[in-house]
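# Structure assessment
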Amino acid sequence: MKDKRLENIDISAFQEDLISWYLENKRHLPWRENNDAYRVWVSEIMLQQTKVDTVIPYFNQFMEKYPTVYDLAEADQQDVLKQWEGLGYYSRARNLQTAVREVVASYDGEIPDDPKQLGSLKGIGPYTKGAILSIAYNQPVPAVDGNVMRVFSRVLLMEEDITQASTKKLFESYVGEMISKEDPSSFNQAIMDLGATICTPKQPLCMFCPVMEHCQAYAEGVQENLPVKKKAKKQRKEQYIALLIQNQEGKYIIEKRPDSGLLAGLWQFPMIPEDDIVKNDWQSWIEEHYDLDVDISESCTSIKHVFSHIIWHVDVRKATTNHKTAEDSRLRFVSLEELNQYPFPVSHQKMIPFLEEK
DNA sequence: AAGGCGGGGAA
DNA sequence: TTCCCAGCCTT
């Protein structure tokens, strides 16, 4: 009962061509040194929406600091966020630690190889579940991400919009049919390597493709038009004023962001939404929100920071205060050296060079 | 189904 | 500029 789309594919030959190419040409990556489930897990979380070259140094440092699930389970969340600093999507770090603690508490520290148990852990969705099951436990489960959808949209000449949830399920069904039952680990990783190095979004290197003769899009000459993907919405703009507030001891005021939402749990310099300033003056806004008395001086720099869904424009100003402590528990007075202990988003790291010793 | 959630590099 | 990357969670 083969699907129409699979009728033209010799699945055995496809698997053979793909896997033999992979075994000859696979990339040597830190998380491929062995198939330890914890290492696979950490790498797959870091690799979500993030390029391999970005992940490598973070992965090495993270594994050195937290070599086992027990080390990560016992760690302080602020330290874990500090390790994640600059990598983005910080809920990944918080969810990973939540899940690791669950593994220690409920599974005696053994990462489950049961699809239901594994998939119920925080932060492990369909893709990551498939990646861990196939790579660490050699189970023939699809692991469909953007990379895999690109490759198979071309091999099978599929024109469905890959931003649709229904399309992803369709791909999971096809990959489930095509995955090697003998070596699912190599099959899934081969697709990833193929998508990263040959079957690229623009100008794919079809001449070097090990499965070129199985590719329906190549046969039709339409590989450059696939996959079909709906355009993303544009980001909204937000204006802020950030304050580098120094007291007479030379310490600066930093503020902890809320435990949920954007950049949750990270630290920043106090920041005022510019919309609020038109109605009030700055002093009273700061008085009202932080219970602080500050003297604001000139603008020292202006920062533009782009998120996936927002663009921040931040006017950065120096300021002074006579306070030595703050009532507000979100606030802390820190020296320049102490500042390094706190996880900061990249947007606010850009302000640190404008701080001065005193 | 749609939107929130970071940051970087390639073209 | 635009794309998009080894996605998941919440609403």
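None of the values given here were measured: they were computed from a predicted structure.

Criteria and cut-off values
- Residues numbered from 1 in each chain as written.
- Chains lettered and ligands numbered in written order.
- Predicted model: local features only at pLDDT ≥ 70, side-chain atom pairs only at ≥ 80, totals over all residues.
- Heavy atoms only, no water.
- Domains from an automatic or database assignment.
- Contact = heavy atoms within 4.5 Å.
- Buried area = accessible area lost by both parts, 1.4 Å probe.
- Salt bridge = Lys/Arg side-chain N within 4 Å of Asp/Glu carboxyl O.
- Polar contact = N/O pair within 3.5 Å; in protein donor to acceptor, adjacent residues only side chain to side chain.
- Helix = DSSP H or I, 4+ residues; strand = E, 2+ residues; numbered from the N terminus.
- Nonpolar A, V, L, I, M, F, W, Y, C, P; charged D, E, K, R; others polar.
- Near = heavy atom within 4 Å.
- Core = buried A, V, L, I, M, F, W, Y, C linked by side-chain atoms within 4.5 Å.
- Buried < 20%, exposed > 50% of the residue type's maximum accessible area, 1.4 Å probe, protein only.

Attention now goes to the domain arrangement of chain A. Once the domains are mapped, chain A shows domain 1 (4-225) and domain 2 (236-354). Tallying the contact residues gives eight residues for domain 1 and 15 residues for domain 2. Taken together, the two surfaces of domain 1 and domain 2 that pack against each other cover about 820 Å², and 51% of this comes from carbon and sulfur. Across the contact surface, domain 1 and domain 2 share zero salt bridges. Seen at the junction of domain 1 and domain 2, the total is five residue pairs in polar contact (both at pLDDT 80 or more). Looking at the side of domain 1 that touches domain 2 element by element, the count peaks at three residues for helix 5 (residues 77-84). Of the residues in the side of domain 1 that touches domain 2, the class split is three nonpolar, two polar and three charged.

What surrounds DNA strand B is a group of 20 residues, the closest being Tyr90, Leu262, Leu263, His305 and His309. Sugar and phosphate atoms form 63% of the subset of DNA strand B atoms that lie within 4 Å of the protein. Gln49 places a main-chain nitrogen or oxygen 3.0 Å from a base nitrogen of DNA strand B. Leu87 has a polar backbone atom sitting 3.5 Å from a base nitrogen of DNA strand B.

Our next topic: the protein's contact with DNA strand C. Every one of the 27 residues lining DNA strand C counts as a neighbour, but Glu44, Gln49, Gly123, Tyr127 and Asp145 are closest to it. The sugar-phosphate backbone supplies 70% of the atoms of DNA strand C found within 4 Å of the protein. The contact in question runs from a phosphate oxygen of DNA strand C to an N or O atom on the backbone of Gly146, over 3.4 Å. Within the side chain of Arg150, an N or O atom sits 2.9 Å from a phosphate oxygen of DNA strand C. Mapped by element, the contributors of at least two residues to the surface near DNA strand C are helix 8 (126-135) and helix 9 (146-155).

This brings us to the environment of Val314. In this structure, Val314 sits in strand 6 (residues 310-321). Put simply, Val314 and Lys350 are 36 residues apart on the chain and 11 Å apart in space, counted from C-alpha to C-alpha. Discounting residues that sit within four places of it in the chain, Val314 has contacts with Tyr240, Ala242, Met271, Thr301, Ser302, Ile303 and Met351.

Glancing now at the nonpolar core. Counting residues in hydrophobic clusters, the biggest one holds 65 residues, and the most contacted among them are Tyr38, Trp41, Phe62, Trp84, Leu96 and Val314. Considering each element in turn, this core owes the most residues, seven residues, to helix 2 (residues 37-46). Each of domain 1 (4-225) and domain 2 (236-354) gives at least three residues to this core. Of all hydrophobic cores here, the second largest spans 30 residues; its members include Val151, Tyr174, Phe187 and Ile198.

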